[in-house]
Amino acid sequence: MTDGSRADGDGLTRLWGGRFGQGPSQVMDRINVSVAFDRRLADQDIAQSRAHVRMLADQCIVDRSDADAILDGLDRISQEIATGQFAFKAEHEDVHMNVEARLHELIGAPAGRLHTARSRNDQVATDFRLWVRDALDRLDEGLQALQSALLAQADRHAATIMPGFTHLQSAQPVTFGHHLMAYVEMLARDRSRVADARRRLNECPLGAAALAGTAFPIDRRATASSLGFDRPMANSLDAVSDRDFALEYLSVAAICAVHLSRLGEEIVLWTSDQFRFVRLSDAFTTGSSIMPQKRNPDAAELVRAKSGRVIGHLTGLLTVIKGLPMTYSKDMQEDKEPVFDADDTLSVSVAAMTGMVADMNADPDTMKAAATAGFPTATDLADWLVRVLGMPFRDAHRVTGLLVRDAERRGCGLADLDLSAMQAVEPRITADVHSVLGVDSSVHSRKSEGGTAPDRVRQAIAAAREAYL
């Protein structure tokens with residue numbers, strides 16, 4: 001066939017088939033065909049083809065009339081895809097060949113000029129970079145919305161006292177607002193990683209052709225600029241073989257998914273009967289098929305679980321890429337499904353977490369009651385001994401430990417110990433010590449930068465809103 005395609009004995013048409021005498025086996029088709037998943041790249045593929053053919057016309061590599069016909073055909077295909085009328089066919093293997101085959105059907109011979117000075121190698125690398133760039137932008141928007149929900153809750157609870165934990169045991173009292181602000185900062189680092197990954201990704205492979213560049217007088221900077229890239233990739237071999245951007249996206253996604261998982265775990269704990277710190281509405285909980293009383297935090301549990309999928313995709317693609325020589329190998333077809341699924345998984349996780357955070361109804365009384373358990377002001381007592389009595393901290397630590405042991409034996413808190421009992425351990429202790437033994441005074445005293453004092457929390461909220469929203 002003069003257009004470079006080939007009619008197989010099974011009636012299928014292959015645009016690359018001139019070299020081959022017979023069609024692939026059914027098993028080969030099953031392992032090779034990718035259109036079922038890479039059709040997601042259709043918008044990016046059409047955008048890239050538009051930029052490419054405009055450049056070809058500007059460089060007088062193809063006639064302007066042919067370029068106009070191609071652009072018109074691409075517009076029609078884009079409309080068909082948008083309205084669900086485009087028929088993706090497995091016989092054309094992938095999204096790129098499906099678009100090109102349809103272009104042949106619509107405009108005839110001029111369609112054959114679109115692939116001038118271009119290979120599927122640089123074509124797919126460019127499409128995939130465009131898609132991942134869009135995914136990073138969507139992720140950043142989602143994380144910003146989650147930060148906004150956290151900030152709103154933190155503002156409401158800047159002074160709500162709760163236990164702060166180490167080893168999941170009561171350690172020191174903090175505020176719920178301060179606790180939530182920790183996740184705002186974690187998500188800020190996630191967004192910073194998103195921005196870094198986007199910056200490194202934003203170089204254009206188009207024009208590298210199969211691996212060595214092209215003899216046609218193309219203008220790579222024009223196509224790069226048209227597609228919103230900062231510059232063309234500097235090395236044609238690297239341009240078609242690099243998948244760092246996909247690995248980095250998955251790395252960013254995996255770290256972010258872990259952060260969401262940690263918050264999901266805390267919501268599971270906070271909503272349990274053992275904690276009762278917060279309540280979720282019917283919108284983000286489910287019931288039991290046998291126990292009518294149950295209200296299960298399934299959304300939080302699923303966010304926690306889905307982190308495993310994203311982490312697994314990162315590990316999987318690292319394994320695919322690790323042994324590949326330069327330049328392109330068909331192994332790289334395995335790069336898209338993990339990225340696509342990670343994007344789906346992370347998108348729904350971010351949306352679910354944003355909804356849960358906005359939906360949470362905290363119980364300040366229960367939180368504060370829990371904050372008084374476990375001698376949470378022991379450090380405040382030790383600090384008082386250092387500050388007022390001039391004790392070395394290690395001596396103060398020992399004295400406080402003795403007082404905690406005495407209070408535990410008596411079945412009371414540190415604030416409930418008689419002054420005489422305290423003085424039996426350290427005679428210089430005065431009644432002023434009780435000024436630091438309440439959880440309110442403890443929280444309000446933590447005024448160091450980044451501390452849990454309510455005024456500091458409100459300052460942090462204001463700064464975060466200015467910086468992140």
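Residues numbered from 1 in each chain as written. Predicted model: local features only at pLDDT ≥ 70, side-chain atom pairs only at ≥ 80, totals over all residues. Heavy atoms only, no water.

Caption draft 1: Layout of the side chain of Thr116. Position of Thr116 among the secondary structure elements: in the loop between helix H5 (95-107) and helix H6 (120-156). Polar contacts involving the side chain of Thr116 include one to the main-chain carbonyl oxygen of Arg113, which spans 2.7 Å. What Thr116 contacts, discounting residues up to four positions off in sequence, is His52, Leu56, Ile61, Val62 and Phe216. (Helix = DSSP H or I, 4+ residues; strand = E, 2+ residues; numbered from the N terminus. Polar contact = N/O pair within 3.5 Å; in protein donor to acceptor, adjacent residues only side chain to side chain. Contact = heavy atoms within 4.5 Å.)

Caption draft 2: Broad picture of the layout of surface pockets. Within this model, the largest pocket holds a volume of roughly 440 Å³. If you go around the largest pocket, you meet 18 residues; those closest to its centre are Thr271, Ser272, Asp273, Arg276 and Arg295. Residue composition of the lining of the largest pocket, grouped by class: 5 nonpolar, 6 polar and 7 charged. By volume, the second largest pocket is sized at about 240 Å³. Residue lining of the second largest pocket: His178, Met181, Ala182, Glu185, Glu449, Gly450, Gly451, Arg456, Val457, Gln459, Ala460 and Ala463, and that is the complete set. For the lining of the second largest pocket, the elements supplying multiple residues, two or more each, are helix H7 (176-201) and helix H18 (454-468). Looking at the lining of the second largest pocket, its residues break down into 5 nonpolar, 4 polar and 3 charged. (1 Å grid on protein atoms, 1.4 Å probe; cavity = no way out; pocket = protein on both sides within 12 Å on 5 of 7 lines; lining within 4 Å. Points joined across faces, edges and corners; volume = space filled by probe spheres on them. Nonpolar A, V, L, I, M, F, W, Y, C, P; charged D, E, K, R; others polar.)

Caption draft 3: Here's a closer look at a nonpolar patch on the surface. Together, Leu211, Leu237 and Met326 make up a nonpolar patch on the protein surface, roughly 280 Å² of accessible area in all. On the secondary structure map, Leu211 appears in the loop between strand S5 (203-204) and helix H8 (220-226). (Patch = residues over 30% accessible without salt bridge, like charges linked within 9 Å, V, L, I, M, F, W, Y side chains within 5 Å. Areas by Shrake-Rupley, 256 points an atom, 1.4 Å probe, with all protein chains shown as cover. Salt bridge = Lys/Arg side-chain N within 4 Å of Asp/Glu carboxyl O.)

Caption draft 4: View of the packing of H6 against H7. At a closest axis distance of 9 Å, the pairing of H6 and H7 adopts a crossing angle of 165°. The angle between H6 and H7 falls in the class roughly antiparallel. When the axes of H6 and H7 are compared, the crossing they make is left-handed. Residue composition of the contact of H6 with H7, by class: 17 nonpolar, 4 polar and 8 charged. (Axes fitted to C-alpha atoms, helices over the stretch in contact; angles between N-to-C directions. Parallel < 35°, antiparallel > 145°, perpendicular 65-115°, else oblique. Left-handed = near helix turned anticlockwise from the far one by under 90°.)

Caption draft 5: Summary view of the side chain of Asn121. For Asn121, the position within the fold is in helix H6. A relative accessible area of 16% places Asn121 in the buried class. Engagement of the side chain of Asn121 in a polar contact is seen with the backbone oxygen of Ala210, the distance being 2.9 Å. Not counting residues within four places of it along the chain, the set of residues in contact with Asn121 comprises Ala209, Ala210, Val240 and Tyr328. (Buried < 20%, exposed > 50% of the residue type's maximum accessible area, 1.4 Å probe, protein only.)

Caption draft 6: The packing of helix H3 (residues 42-58) against helix H4 (residues 64-82), seen in detail. Contact geometry for H3 and H4: axes closest at 9 Å, N-to-C directions at 170°. If you check the angle between H3 and H4, you find them roughly antiparallel. Contacts from Ala42, Ile46, Ser49, Arg50, Val53, Arg54, Ala57 and Asp58 in H3 reach Arg64, Ala67, Ile70, Leu71, Leu74, Asp75, Ile77, Ser78 and Ile81 in H4. Broken down by class, the residue content of the contact of H3 with H4 amounts to 10 nonpolar, 2 polar and 5 charged.

Caption draft 7: Local environment of the environment of Phe340. With respect to the helices and strands, Phe340 occurs in helix H12 (residues 336-359). Distance in space between the C-alpha atoms of Phe340 and Trp131 is 9.5 Å, their sequence separation being 209 residues.

Caption draft 8: View of unusual backbone geometry. Across the junction of Met326 and Thr327, the peptide omega takes the value -5°, indicating a cis bond. Following the sequence through the fold, Thr327 ends up in the loop between helix H11 (298-321) and H12. Backbone geometry at Glu93 places phi at a positive 70°, although glycine is not the residue there. Notably, Ala209 is not glycine yet its phi reads approximately 55°, a positive angle. Mapping Ala209 onto the fold places it in the loop between S5 and H8. On the basis of relative accessible area, Ala209 is assigned to the buried category, the value being 8%.

Caption draft 9: Up close: the packing of aromatic side chains. Evaluation of the coordinates by the stated rule reveals 7 aromatic pairs. Taking the centre distance of 5.4 Å and the plane angle of 75° together, the rings of Phe128 and Phe245 count as edge-to-face. Highlighted residues: Phe128 in helix H6 and Phe245 in helix H10 (residues 244-270), separated in sequence by 117 residues. The burial state of Phe128 is the same as that of Phe245; both residues are buried. For the ring pair Phe128 and Phe340, a centre distance of 6.2 Å and an interplane angle of 80° mean the geometry is edge-to-face. Highlighted residues: Phe128 in helix H6 and Phe340 in helix H12, separated in sequence by 212 residues. When its relative accessible area of 1% is taken as the criterion, Phe128 is described as buried. (Phe/Tyr/Trp six-rings, centres within 6.5 Å; stacked < 30°, edge-to-face > 60°.)

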